[in-house]
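Residue strings, one per chain:
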Amino acid sequence: MKIIEKIKTNKLIDNPTEIQKFCLHKLQSRPLPNFKSELWRLSNKSKFSEFLDYSVNEKEPKFDIPFSKNSQNTIRLIIGENRQINLIEENYSIEQLSEDKLDEYFKEQISYFDQNQNWSDLLNLSLSCTKNILGLKINGSKIPPIEIFSHASNNSLSAKTLVIILEKNCDIELLQVNLGKENSSLSQSTFFCIEENSSLNHGVVSYGEKRSNLLNSLNVIQHKNSEYNLGTLHFKFNYARFEICIKQSVGEAKTNIKSMQITKKDEQISTYTRIDFNGPDGFLDQINKSLADDKSHAIFEGSIIVPKIAQKTDASQLSRNLLLSNFAQIDTKPQLEIIADDVKCKHGATISQLNEEELFYMRTRGITLPEASKLQLSSYFQEIISFIPVSKDRWNLLDKLLNEN
Amino acid sequence: MVEENLVKDVVKEPYKYGFVTDIETEKIEKGLNEDIIRLISHKKEEPKYLLDFRLKAFKKWQKMEEPDWAGLGYKQIDYQDIIYYSAPKQKEKISSLDEVDPKLLETFDKLGIPLTEQKKLTNVAVDAVFDSVSIATTFREELAEHGVIFCSISEAVKNHSDLIEKYLGTVVPASDNYFAALNSAVFSDGSFVYIPKGVTCPMDLSSYFRINSGDSGQFERTLIIAEESSSVSYLEGCTAPMFDTNTLHAAVVELIALDDASIKYSTVQNWYAGDEEGVGGIFNFVTKRGKCLGKRSKISWSQVETGSAITWKYPSCILLGEESIGEFYSVALTNNLQKADTGTKMIHIGPKTKSTIVSKGISAGNSINSYRGLVKMGTKATGSRNYSQCDSMLIGDQASANTFPYIKSQQPNSEIEHEASTCRISEDQLFYLQSRGIEFEEAISMMVSGFCRDVFNQLPMEFAAEADKLLALKLEGSVG
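Residues numbered from 1 in each chain as written. Chains lettered and ligands numbered in written order. Predicted model: local features only at pLDDT ≥ 70, side-chain atom pairs only at ≥ 80, totals over all residues. Heavy atoms only, no water.

Colleague: Whenever I open this one, the domain arrangement of chain A confuses me. Can you help?
Modeller: By convention, interface size is frequently given as the accessible area that disappears when the constituent parts associate. Residue and element names in this part refer to chain A. Taken domain by domain, chain A holds domain 1 (2-356) and domain 2 (357-405). Computed from C-alpha atoms alone, the centre-to-centre distance between domain 1 and domain 2 is 26 Å. Counting residues at the interface gives 43 residues for domain 1, matched by 24 residues for domain 2. Across the interface of domain 1 and domain 2, roughly 2,900 Å² is buried in total on both sides, 69% from carbon and sulfur atoms. At the junction of domain 1 with domain 2, the criterion picks out two salt bridges. Across the pair Lys289 and Glu383 runs a salt bridge whose closest N-O atoms are separated by 2.8 Å. Counting across the interface, domain 1 meets domain 2 through 11 residue pairs in polar contact (both at pLDDT 80 or more). The set of elements that each furnish at least two residues to the side of domain 1 that touches domain 2 consists of β5 (146-151), β7 (171-179), β9 (199-207), β11 (227-235), β13 (254-263), β15 (283-292) and β17 (314-323). Among the elements that take part in the side of domain 1 that touches domain 2, β11 stands out by supplying six residues, more than any other. Of the residues in the side of domain 1 that touches domain 2, the class split is 19 nonpolar, 14 polar and 10 charged. (Domains from an automatic or database assignment. Contact = heavy atoms within 4.5 Å. Buried area = accessible area lost by both parts, 1.4 Å probe. Salt bridge = Lys/Arg side-chain N within 4 Å of Asp/Glu carboxyl O. Polar contact = N/O pair within 3.5 Å; in protein donor to acceptor, adjacent residues only side chain to side chain. Helix = DSSP H or I, 4+ residues; strand = E, 2+ residues; numbered from the N terminus. Nonpolar A, V, L, I, M, F, W, Y, C, P; charged D, E, K, R; others polar.)

Colleague: Honestly, the packing of aromatic side chains in this entry has me stumped. Any pointers?
Modeller: Under the counting rule described, the total for this entry stands at 29 aromatic pairs over all chains. A centroid spacing of 6.0 Å and a plane angle of 70° characterise the contact between Tyr105(A) and Phe106(A), whose relative ring orientation is edge-to-face. In this pair, the class of Tyr105(A) matches that of Phe106(A), namely buried. Between Tyr79(B) and Tyr178(B), the aromatic rings sit 5.7 Å apart at their centres with planes inclined by 70°, giving edge-to-face as the arrangement. (Phe/Tyr/Trp six-rings, centres within 6.5 Å; stacked < 30°, edge-to-face > 60°. Buried < 20%, exposed > 50% of the residue type's maximum accessible area, 1.4 Å probe, protein only.)

Colleague: I would appreciate a short explanation of a positive patch on the surface in the present structure.
Modeller: Residues and elements named next belong to chain B. A contiguous patch of positive charge, built from Lys56, Lys59, Lys60 and Lys63, is present on the exposed surface. By secondary structure assignment, the location of Lys59 is in helix α3 (residues 48-63). Assessed through its relative accessible area of 46%, Lys59 is described here as partly exposed. (Patch = residues over 30% accessible without salt bridge, like charges linked within 9 Å, V, L, I, M, F, W, Y side chains within 5 Å. Areas by Shrake-Rupley, 256 points an atom, 1.4 Å probe, with all protein chains shown as cover. Lys, Arg positive; Asp, Glu negative; His and termini not counted. Charge placed at Lys NZ, Arg CZ, Asp CG, Glu CD.)

Structure, rendered in structure tokens:
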């Protein structure tokens, strides 16, 4: 594991910033996550080593945005591209956060970090150079949809960081696209702060190529009366790990999550979510879907934490899984930790294969087996895909998935 | 609130089994080492294979670390400060109940356990275990007529050594976990049941475990073997006196069901739970596991857990035989500062195996009540099914209810369904019942009983009524 060796010998990066130094120092005391802990227990160690076996390459080749035509009325940004963003229009403004502001922001964030739980963020922030950190402050209304790209480069480990502060009374749609390359690793950490009365429709689409790896972490803080809708899709990664941590800082906020991961061949993709309700009247509706085929392994672990203060919380979590091969495996662990008594919390989990009765019904109507399976899969995918915002047509996610399955 | 105070008064009802029997006991010195294990084995006149089994387990235990994943945060146990063998002094061999020390009989009488002749009419055979030894087993002759062996495990070692050697440690190996290894090294007594081929046990079998001394641990071991096409229903009850110190209870229960056999194992656990400040109480670390070895075999666990300061217990089923069935029905109630981490493991290995899990957790006071369960479908478990349902009820805003279901599947041709919910005593329902003239406590008790109905329906008659009362008693005063 090249990266770990470099962390140990303090040779990770030249001229580190203060934040990088701080994170590096934290990592040096325990360079690897605790594989005995619930958060890392199921992670495939050899695949994880593959992730860490690339060197950091700061000189990345030029990146061409996919579907560059047809994207009027969308603000498209690439993390790592040295471009000053300062959009001040009549109704809204999108400003880039200064380095000092970002420093201040990260210092506060790091003070809450747990070495094991935020290991991916610590690694990301110690690797991510100033150029690869995109910080935005968004304000106003009628903001056009935004697409933000993070991409990996062949034979190297890239680290990209995104910070978005959504000021009060804002309403935006944002699609984040993480693209893996052949033999590459991408570490992506995202930090959102959604202030009062704001709403964010957020989509995360991550797909890789042959043997690409991804460590994707998402930290969201929701203030009073905010709404956060998240639709995610992860597929085609040798190893991918998606960590979602959402805090409703004072409760009275709404969170909807629809996430999906699709694994094939010998891939391992996992999703870990942790939702903290730090105040009363919080709402959560979460569904995670997994599909595992061939010899792959899909993992979902979600925890909902409802302390005493979070009375009248209404939370539900559902994990639905399709296991399509004799050699694939699925692990799922939806969990509830509740201290408040006046709450409505429930969770459910199912693991099965395609519904035989439905298949039979369609076949009696003259639909062939492959077509019937495709129909079933498309309805399975559609629920999640329709929740991912921003120019869904352009990305043709459903076709992409159906053609591959 | 008036209602709150009323409830609190009722909850303060003392633990009625907390008395100590003043009886002369034979104890060995405190501490745990190879010599102590040899001494226990010698006292029980055990064959060499059993001593070897104990010593091997002890060696493994020494290398193991006490598990902390359940996050129970209990006071560290000093394993050298425990007496590993304590027995009431009595005549060497008891041929009839008349020879049992009357004080002991009195104790079990107080506990409502039918050991004496006049109480035998209840038609339940009882094996009563007092600290480290079995005191008496009733209805032996009647059972023997059917070929059923029901005795203490020490007797079984002497009289049915072949069965013990064949099955002991096959379901829960000595190195299974920290507490199972400890038990394998120092187990003192427990019950042994053997149901021969084709026999339906004519009566319910029952074990009653009583811890009497404050400084000794109880390490019993139960082994139940149901041969082809046999069936048995086994009940287990536990109580202990009130001490300010914590007492360790680390038991192992192994069940084996062969082709078409069925075992129903019911527990009402009412160990002393400590006082309101959390002083004293039993640390209950139990490994219970059943192996459905044969085709169409069935193992059903039902439990009502109300006692113990700490409960760490996961009765499990290994479903090996084709079409075998595993069931788990549980009610766990915690109050004051009790902590319970309990659940089950259903390991589906054979094809067409089925399992059902129904778990009801009720947490009141400042207690923590967690359900932790595993459902695993192995690669050969084609056509297998699992259904799990875990409901929690929270009473008061200081109690905590957690659910940690681990679900793993490696077989596409199997189905797993899990659902969990959390609720509280609904004020509307309470109001409705009260407006119909039902007293406050009774209304609460009715609602709790309704919440637990799915599980109580699975309990044998004797236990169901007792469990209902026990729950009402334990809960009173905790609702505001």
